[in-house]
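Take a look at the letters that make up each chain.
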Amino acid sequence: MDATAKPLRIPPEMRIYAEQHSIFDLIQAMMKRLLMEKPEDPIEYLIDLLKNNSIEVPRIFVLGPPASGKRTVVKQLCKHLGATCISTESLLREESDLVKEALEYKANQSMLWINLVQQRLSKKDCIKRGWVFEGFPKTREQAFRLQAAGIAPEHVVLLDAPDTVLIERNLGKRIDPVTGDVYHTSFDWPSSEHVEKRLVEADGIWESETVAGLLEYQRNLKGLESTYSTVSRVINADQPSIDVFSQVLTFVLSRHRSVAPHTPRILLHGPPGSGKSLQAALIAQKYNIVNICCGQVLKAVAADETSQGELIKPGLETGQEVPDSTVLKILTERLSRLDCTTRGWVLHGCPRNLEQAEKLNSAGFTPNRVFFLDMPDEVAVERVTFRMTDPVTGQRYHSLYKAAPSQQIQDRLQVNPQDSAESLQRRLDLYRTNLPELQELYSDAIYVNADQDPHAIFEFLESHIVNRLPKPLSHRWTPSPSD
């Protein structure tokens, strides 16, 4: 490659199209699958992946000590995600020469287990729908062998609870031999008498056996945690099952950070005083993106001796609203500049209503992260009506939170007429009126409580900027007649 040649720059229109349709993430996922599977015919393999819509299917390990609720979580996950349930017991029920060999060796050979798993995961239901594996791998060695065989989970759930709780749970565990469902004499007894009569005691429920199982799990836990450190999360299993599953589902629907090209297009929306300007400045500084304050952009244009500047200058001086068409024209011109298209932007102060938002979208400036900063009106009144500005330094002060350091500065402080109680109330009323339509348009928006420490708000915003949005449940697999 010629080192003196200009680096390839992806055109802005292509970036937006690729991000909207997840093209970069799709290519990254396909390359990852190729490197793991190492098929003999890579092109045919990728064609099959795309035809089967199996690029981004669940690949989950659910691990935990005895009685931590692995089976219950796995069944619930498979029901919600449409994935295939797999366990070591179900593997041994398969009819194959490998299973016969495993049973002959009492399933103690690690490579036999890996071969069994590889054989099962290569079947059509696992490829097309994904899988959730209960209680495997059990050791670091097995985890390494799985990786060497090209089997890598997207998420690993590590259930955890105190040993005393697990021992108590295990003593009361009962199994339905027909369905395989797990019940408990104290916590989860079946309502059907017919089911109750056929329940049997689970294997290995007595205290000595449970303690042995706990010790075995704890011995191998550190190795499993280090192997899957980037894709695992510990979930507290000592809480109501509905809460356990809710946390597990949230985790498995999350997406790991992507290295695919990404141009931030961030929209901050909130009432007056919610801290949009501060958060936008922090984001722009941290990620070197362009801070676009609609009000400041209009003032900059008004300060220029241009026909457009002369047109909006009287309105800004008298506090009147600039026509939407003019605002959108000026704003889209700013967002079209090279710094915004290459580095990305964080926008605040616009859109204020549905019409502005739709015009921005139709002009090609669709945000890929939208945050609603919310707080009660009384907090906005307290924040805004007590703030003042030093006309000499431009520094902003607040009567309650940040008083002027000297009487000299205090005497020259000025209050913006728009910060009066009457003006603020009109702006709040207008904000609340337009809010429902904007919330409907930006259905994937992220909500944050703006009535807290600004650094806590920034950390929350940052976590949702750098991480991908979670997978929607609507994308889960549904069977077709050919399956």
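Presented here is a report on the structure given in the accompanying data block. Keep in mind the model is a prediction, meaning the values are calculated, not measured.

## Describing the overall build of the chain
Scanning the chain for helices and strands turns up 23 helices and 15 strands. The buried share of the chain, reckoned over its 483 residues, is 43%. Residue pairs in contact within the chain that sit at least 24 positions apart in sequence constitute 72% of those at least 6 positions apart.

## Examining the pattern of salt bridges
In the structure shown here, the tally under the stated rule is 14 salt bridges. With a shortest N-O distance of 2.5 Å, R219 and E216 are connected by a salt bridge. With R219 and E216 both in helix α12 (residues 207-227) and 3 residues apart, this pair spans about one turn of that helix. On the basis of relative accessible area, E216 is assigned to the partly exposed category, the value being 38%.

## Examining the sheet that holds strand β5 (residues 173-175)
One open sheet holds the 3 strands; their spatial order is β6-β5-β7, and the pairing between them is antiparallel. Because the sheet does not close on itself, it has two edges, and the strands there are β6 (182-184) and β7 (200-201). Here β5 runs beside β7; their pairing, made up of 2 bridges, is antiparallel. In the sheet register, R174 faces β7, and the bridge partner there is E201. Those strands touched by helix α10 (residues 163-171) are β5 and β6, and its axis lies near 40° from that of β5.

## Concerning the packing of α10 against α12
Put simply, α10 and α12 touch, their axes get as near as 10 Å, and they point 135° apart. As judged from the angle between their axes, α10 and α12 are oblique. In the crossing of α10 with α12, the sense of the turn from one axis to the other is right-handed. Residues D163, L166, I167, N170 and L171 of α10 touch α12, and the partners they reach there are E207, T210, V211 and L214. Here the residues of the contact of α10 with α12 sort into 5 nonpolar, 2 polar and 2 charged.

## As for unusual backbone geometry
In this structure, the amide linkage connecting F136 to the following residue, P137, adopts the cis form with an omega of 5°. With respect to the helices and strands, P137 occurs in the loop between β3 (131-134) and α9 (140-148). The amide bond that connects C350 to the next residue, P351, takes the cis arrangement and shows omega of 5°. Here P351 shows up in the loop between β11 (345-348) and α19 (354-362). With a phi angle near 70°, A67 is a residue other than glycine that sits in the positive phi range. Here A67 is to be found in the loop between β1 (59-63) and α4 (70-81). Unusually for a residue other than glycine, N288 sits at a positive phi of about 55°.

## Here's the deal with the pairing of β1
Summarising burial for β1: 5 of the 5 residues are buried, a large majority. Of the two faces of β1, the one carrying R59, F61 and L63 and the one carrying I60 and V62 are both buried. The sheet contact formed by β1 and strand β4 (residues 155-160) spans 4 bridges and is parallel. Within β4, the position partnered with L63 by the bridge is L158.

## Let's talk about helix α14 (residues 276-287)
For α14, which comprises 12 residues, the first-to-last C-alpha distance of 16 Å matches the rise-based estimate of 16 Å (1.5 Å per residue) to within 8%. Summarising the contacts, the buried residues of α14 are in contact with β9 (265-269), β10 (290-293), β11, β12 (369-374) and α23 (454-466). Phi turns positive one or two residues past the end of α14, at N288, with a value near 55°.

## Some points on the environment of A148
Checked against the element boundaries, A148 lands in helix α9. Remark: the alpha-carbon pair of A148 and E37, spanning 111 residues in sequence, is separated by 9.9 Å.

## Section: the sheet that holds strand β8 (residues 232-236)
Spatially, β2-β3-β1-β4-β8 is the arrangement adopted by the 5 strands of the open sheet, whose pairing is parallel. Each of the sheet's edge strands pairs with one partner strand only, and the pair in question is β2 (84-87) and β8. For this sheet, the mean angle separating the axes of adjacent strands, direction not counted, is 20°. The pairing of β4 with β8 spans 5 bridges and is parallel. Note that in β8 the partner of L159 across the bridge is I235. The strands touched by α12 within the sheet are β1, β4 and β8, with β4 carrying the most contacts at an inclination of about 150°.

## Brief notes about the nonpolar core
With 27 residues, the main nonpolar core has I292, L335, W345, F372 and Y442 as its most contacted residues. For this core, the secondary structure elements donating two or more residues are β10, α15 (294-303), α17 (324-335), β11, α19, β12 and α22 (421-441). For W345, the contacting residues outside a window of four places in its chain are P264, R265, I266, I289, V290, I292, L335, C340, F365 and P367. Grouped together as the second largest cluster of nonpolar side chains are 25 residues, L166, A237, F245 and L253 included.

## Re the packing of aromatic side chains
Enumeration over the complete set of coordinates arrives at 6 aromatic pairs. When the ring of F61 is compared with that of F133, the centres are 6.0 Å apart and the planes differ by 75°; the resulting orientation is edge-to-face. With F61 in strand β1 and F133 in strand β3, the pair connects residues that are 72 residues apart, well separated along the chain. This pair shows no difference in class: F61 is buried, exactly as F133 is. Clustering of aromatic rings is evident, with ring pairs tying together F61, W113, W131, F133, F136 and Y228. Of note, K402 hangs over the ring of Y397, and the distance from its end group to the ring centre comes to 5.6 Å.

## Quick word on α19
The set of residues buried in α19 consists of Q356, A357 and L360. The arc enclosing the buried residues of α19, seen along the axis, measures out at 100°, which places them on a common side. On its buried face, α19 sits against α17, β11 and α22. Positioned one or two residues after α19, G364 has a phi angle of 95°, which is positive.

Parameters and conventions
Residues numbered from 1 in each chain as written. Predicted model: local features only at pLDDT ≥ 70, side-chain atom pairs only at ≥ 80, totals over all residues. Heavy atoms only, no water. Helix = DSSP H or I, 4+ residues; strand = E, 2+ residues; numbered from the N terminus. Buried < 20%, exposed > 50% of the residue type's maximum accessible area, 1.4 Å probe, protein only. Contact = heavy atoms within 4.5 Å. Salt bridge = Lys/Arg side-chain N within 4 Å of Asp/Glu carboxyl O. Pairing = 2+ DSSP bridges. Axes fitted to C-alpha atoms, helices over the stretch in contact; angles between N-to-C directions. Parallel < 35°, antiparallel > 145°, perpendicular 65-115°, else oblique. Left-handed = near helix turned anticlockwise from the far one by under 90°. Nonpolar A, V, L, I, M, F, W, Y, C, P; charged D, E, K, R; others polar. Expected span 1.5 Å × (residues − 1). Core = buried A, V, L, I, M, F, W, Y, C linked by side-chain atoms within 4.5 Å. Phe/Tyr/Trp six-rings, centres within 6.5 Å; stacked < 30°, edge-to-face > 60°. Lys NZ or Arg CZ within 6 Å of the ring centre and 35° of its normal. Arc of directions from axis to C-beta.

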